[in-house]
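The chain contents come next:
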Amino acid sequence: MSYTDLDTVSNLSGIPTADIDLLWLDWADAEIEIKMNRTFYPTGIQTVEIDGTGANMIILDTPIISVSEIDLIDNTNFITKYTNTNLTNTFIIYPSDGAIAFKGTEVNLYGSDIFPEGFKNIAITGVFGYITIPLLVQNLATLLVIKTMLVKNPDLAVNISSEKAGDVSFKYSKNNLQTMINDIYIQLNKKSFHPKLYFKE
């Protein structure tokens, strides 16, 4: 599974699928994940450790699909575990924003219920990422594959069509391909919070 596919690249570039190397799709995925420091696929069940904020809300750098456990470690190393009903009665989860807050304290970020300040002292077990790959990411991957095709064969007769994804309108040629790629990275970075986030081994 890749962020784009042969048919999408072919439709956008006018190049037959037989002339597109599947390895180029893998390269596009790898570049996106390295530059964005994240994956855009669902992660499967994982435990994420994040620095406590001293506020009633924490924000991850990825959407939340589901949460099965939240552990809070205070400055005395006491662990408070939240699972099942205890978890749903205590927290409100904002899936697309990647945020978790204590219920009833949304108005006051520094109420009595807070995520204790600390280093990697909040552990969240769940499934993270995107159920559907964002359109911006799909378009970025497609453009990166086309760019690779042109690097491998500069004389390739690429006929790139126009379309729109998110806040970015695509109307480009070989000459402004890198500009459009840069524009999409800017749009993706605007949507990122970049906290200190650690995936447990």
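As the structure is a computational prediction, the values presented were derived from the model and not from experiment.

Conventions adopted
- Residues numbered from 1 in each chain as written.
- Predicted model: local features only at pLDDT ≥ 70, side-chain atom pairs only at ≥ 80, totals over all residues.
- Heavy atoms only, no water.
- Helix = DSSP H or I, 4+ residues; strand = E, 2+ residues; numbered from the N terminus.
- Buried < 20%, exposed > 50% of the residue type's maximum accessible area, 1.4 Å probe, protein only.
- Contact = heavy atoms within 4.5 Å.
- Expected span 1.5 Å × (residues − 1).
- Core = buried A, V, L, I, M, F, W, Y, C linked by side-chain atoms within 4.5 Å.
- Polar contact = N/O pair within 3.5 Å; in protein donor to acceptor, adjacent residues only side chain to side chain.
- Axes fitted to C-alpha atoms, helices over the stretch in contact; angles between N-to-C directions.
- Parallel < 35°, antiparallel > 145°, perpendicular 65-115°, else oblique.
- Left-handed = near helix turned anticlockwise from the far one by under 90°.

1. Looking at the overall build of the chain
So, step 1. A count of helical and extended segments in the chain gives five helices and 10 strands.
So, step 2. Across the 201 residues of the chain, 42% fall into the buried class.
So, step 3. Within the chain, residue pairs in contact and separated by at least 24 positions form 73% of the contacts whose partners lie at least 6 positions apart.

2. Overview of helix α4 (residues 135-152)
So, step 1. Across its 18 residues, α4 extends 26 Å between first and last C-alpha, which sits within 8% of the 26 Å expected from 1.5 Å per residue.
So, step 2. Taking burial as the measure, the 18 residues of α4 include 13 buried ones, the bulk of the element.

3. Observations regarding the nonpolar core
Most often, soluble globular proteins have nonpolar side chains that are buried together.
So, step 1. Judged by nonpolar contacts, the single largest core of 30 residues is most densely connected at Tyr3, Ile20, Ile32, Leu140, Val145 and Met149.
So, step 2. Among the elements of the structure, α1 (6-13), α2 (22-36), α4 and α5 (177-190) are those that each provide at least two residues to this core.
So, step 3. Setting aside chain neighbours within four positions, we find isoleucine 20 in contact with Leu6, Val9, Ser10, Ile15, Leu25, Val145 and Met149.
So, step 4. Val48, Leu60, Val67 and Tyr82 belong to the second-largest nonpolar core, a separate cluster that totals 17 residues.

4. Brief notes about α1
Working note: α-helix, 3.6 residues per turn, so residues spaced by three or four point in the same direction.
So, step 1. Residues Val9, Ser10, Leu12 and Ser13 constitute the buried set of α1.
So, step 2. Taking the backbone nitrogen of aspartate 7 as reference, a side-chain oxygen 3.1 Å away marks aspartate 5 as the first, capping residue of α1.
So, step 3. Looking at the residues trailing α1, positive phi occurs at glycine 14, about 80°.

5. Side note on the packing of α2 against α4
So, step 1. Two elements in contact, α2 and α4, have axes whose closest approach is 9 Å; the angle formed by their N-to-C orientations is 125°. In terms of orientation, α2 and α4 fall into the oblique class. Crossing of α2 against α4: the hand is right-handed. Mapping the contact onto sequence places Trp24, Leu25, Trp27, Ala28, Asp29, Glu31 and Ile32 in α2 and Val137, Leu140, Ala141, Leu144, Val145, Thr148, Met149 and Lys152 in α4.

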